[in-house]
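# Chains, contacts and geometry: an overview
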Amino acid sequence: MTHVMMDVIEEHLGEAGWLWGMRERAVVAPDYDLSDTSELEERLLAHVDGLVEGGPCIAGGTLRPALAEEDLDLVCVAALALLQADIAPENVRSLLCEAGPAQRPSVLRALELSTRTGLGDILLPLLHHGAADIQAMVLEALVFREEAPFEDLTRYLTHESAQLRRIALRGLSHPTSPTKHHMWRQTLAAALPADPPEADIDVGLTIGDRRAWASCQKRLHDKLAPPGRETMVLAAIGGGDVETAAIVDLLHPPETRAGALWALGFSGRPLAADACLPWLGDSAVAKLAGEAFSNITGLKLEGPYVLPSTQPRQEPVPLEEEDLDADIAPRPEDDLPLPHPEAIASWWHSERPRFTDGVRYLLGHPFQGEVLWTALARGPMRRRHEWARELVIRSGGTLNIPTRALAHRQRVALQQARSRVANLPTGPFSRINFE
């Protein structure tokens, strides 16, 4: 192979790795929507196609060695290109078995996002062979791809591996066959404990199990153990003013403040917007407070409603004073605009009368199925994951927008859901009965 050809392959690999990292960050970014993310994916997949066109010698000489890279973005695109080039059973098995512990999550991500036809059929036999960790990767990939058979998911609910049991439980929360809907509900109800752990409350809510909502409320009001972010979000989207007021109280302890602001943005209640105002000037949580306020009221944080984002120049910290254990990785909320407290307070003073207490709002509109669908179709990627979870719960598991999948698959799911959201129940979870 010519030197020029290798230069082209290396360029494809490097660009694809960079774009993969950009795409994965976009999925949780406040300043990307589905259209923006789709553009990134088109560029990414074009470079992956360039790697595939290199043929078998590139697969063996460049892509397989890249699976051992410390740069996990390169591992992802190398695995994606190998899957696109050849999904022979022995090659997929070796891809799973030869990946090191650090690289396995990246290989799993490639399995999830690969568009190669027939991959699910190749993965299915691997569920019944190999170590539990390989089975867990395969089952998680099949669940993400919505290709895990009901019978296999049911079987794994009683597996000795807690990881496999949990993956199966999440997989069963989205029934793919309407003919098995009743059987699916019975299976999940039997698998869930009366007081489910926080991470599984939404599964109980999806099947209309009132015990799950009671567990959520119990955790929200527990004075001895502060509720986690999951509990606060579920209480916000499924409760009323009582639950919202309880979340507002959680703004006072510093350890629950950020989670409470995140949840209040999904509550949609005017009293939640009121509660955000005092925190718009707090440097630690101002951006989160502005995001929550915007999500309720629909005010776009731009122009006069934001402050300049320039940061003061910081002097370097002496080495002996530097906290080497501090997490300096950028967070999605770092890209949020910095709100202008006075301008926003003035706007709210004039607009507050049109927001009715006791009514839930989303982006300034009274909450209903069509408004939720529009938010999922056009809203910021960062918040779509919670909106999609609410759609799953309110539809009894029948409407699922896979917000971490490729944009094309998301658009297909959105189109399928569009005609059905008008009848979505919108009241508190305590009143919803999907039976």
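Since the model is a prediction, treat every value here as computed from it, not as a measurement.

## Structural notes on the packing of helix H20 (residues 369-378) against helix H21 (residues 381-394)
For the pair H20 and H21, interaxial distance at closest approach is 9 Å and the crossing angle is 145°. In terms of crossing hand, the pair formed by H20 and H21 is left-handed. Judged by residue contacts, Leu-372, Ala-375 and Leu-376 of H20 engage Arg-384, Trp-387, Ala-388, Glu-390 and Leu-391 from H21. Each residue belonging to the contact of H20 with H21 can be placed in one class, and the counts come to six nonpolar, no polar and two charged.

## Some thoughts on the state of the cysteines
In this structure the tally under the stated criterion is zero disulfides. In this structure Cys-216 is not part of a disulfide, and its nearest cysteine sulfur, from Cys-276, lies 19 Å away.

## Observations concerning the pattern of salt bridges
Enumeration according to the criterion identifies 26 salt bridges in this entry. Taking the shortest distance from any N to any O, the salt bridge between Arg-170 and Asp-202 comes out at 2.8 Å. With Arg-170 in helix H10 (residues 162-172) and Asp-202 in helix H12 (residues 201-206), this pair connects stretches of sequence that are 32 residues apart. By relative accessible area, Asp-202 is classed as buried at 6%.

## Brief notes about unusual backbone geometry
Even without being glycine, Glu-146 reaches a positive phi, approximately 60°. With respect to the element layout, Glu-146 can be found in the loop between helix H8 (132-144) and helix H9 (150-156). Judged by relative accessible area, which is 37%, Glu-146 ranks as partly exposed. The residue Leu-363 is not glycine, and still its phi comes out positive at about 55°. For Leu-363, the location among the structural elements is in the loop between strand S1 (361-362) and strand S2 (365-366). Owing to a relative accessible area of 32%, Leu-363 belongs among the partly exposed residues under this scheme.

## A look at the confidence of the model for the protein chain
Mean pLDDT over the protein chain: 89, with 91% of residues reaching 70 or higher. Low pLDDT, under 50, characterises residues 312-317; the stretch is placed with one contact to residues that sit more than four places away or in other chains.

## Let's talk about the packing of H8 against H10
Where H8 meets H10, the closest approach of the two axes is 10 Å, and the angle between their N-to-C directions is 10°. Here H10 runs roughly parallel to H8, going by the angle between their axes. Across the interface between the two elements, Ala-132, Gln-135, Ala-136, Leu-139, Glu-140 and Val-143 of H8 pack against Gln-163, Leu-164, Ile-167, Ala-168 and Gly-171 of H10. When its residues are assigned to classes, the contact of H8 with H10 shows seven nonpolar, three polar and one charged.

## Details of a negative patch on the surface
Taken together, the side chains of Asp-7, Glu-10, Glu-11 and Glu-15 define an acidic patch exposed on the protein surface. Along the chain, Glu-10 falls in helix H1 (residues 3-26). Classification of Glu-10 by relative accessible area gives partly exposed; the value is 44%.

## Overview of helix H19 (residues 341-351)
For H19, the full list of buried residues reads Pro-341, Ala-343, Ile-344, Trp-347 and Trp-348. What you see down the axis of H19 is that its buried residues fit within an arc of 165°, all on one side. Turned more than 90 degrees away from the buried face of H19 sit Glu-342 and His-349, all of them exposed.

## Concerning the packing of aromatic side chains
Tallied over the full model, the rule gives eight aromatic pairs. Taken together, a centroid distance of 5.2 Å and an interplanar angle of 55° make the contact between Trp-348 and Phe-355 tilted. Taking the relative accessible area as the measure of exposure, Trp-348 reaches 3% and is therefore buried. Geometry around Trp-262 places Arg-383 over its ring, the cationic atom sitting 4.7 Å from the centre.

Conventions used here
Residues numbered from 1 in each chain as written. Predicted model: local features only at pLDDT ≥ 70, side-chain atom pairs only at ≥ 80, totals over all residues. Heavy atoms only, no water. Axes fitted to C-alpha atoms, helices over the stretch in contact; angles between N-to-C directions. Helix = DSSP H or I, 4+ residues; strand = E, 2+ residues; numbered from the N terminus. Left-handed = near helix turned anticlockwise from the far one by under 90°. Contact = heavy atoms within 4.5 Å. Nonpolar A, V, L, I, M, F, W, Y, C, P; charged D, E, K, R; others polar. Disulfide = S-S within 2.5 Å. Salt bridge = Lys/Arg side-chain N within 4 Å of Asp/Glu carboxyl O. Buried < 20%, exposed > 50% of the residue type's maximum accessible area, 1.4 Å probe, protein only. pLDDT = per-residue confidence, 0-100. Parallel < 35°, antiparallel > 145°, perpendicular 65-115°, else oblique. Patch = residues over 30% accessible without salt bridge, like charges linked within 9 Å, V, L, I, M, F, W, Y side chains within 5 Å. Areas by Shrake-Rupley, 256 points an atom, 1.4 Å probe, with all protein chains shown as cover. Lys, Arg positive; Asp, Glu negative; His and termini not counted. Charge placed at Lys NZ, Arg CZ, Asp CG, Glu CD. Arc of directions from axis to C-beta. Phe/Tyr/Trp six-rings, centres within 6.5 Å; stacked < 30°, edge-to-face > 60°. Lys NZ or Arg CZ within 6 Å of the ring centre and 35° of its normal.

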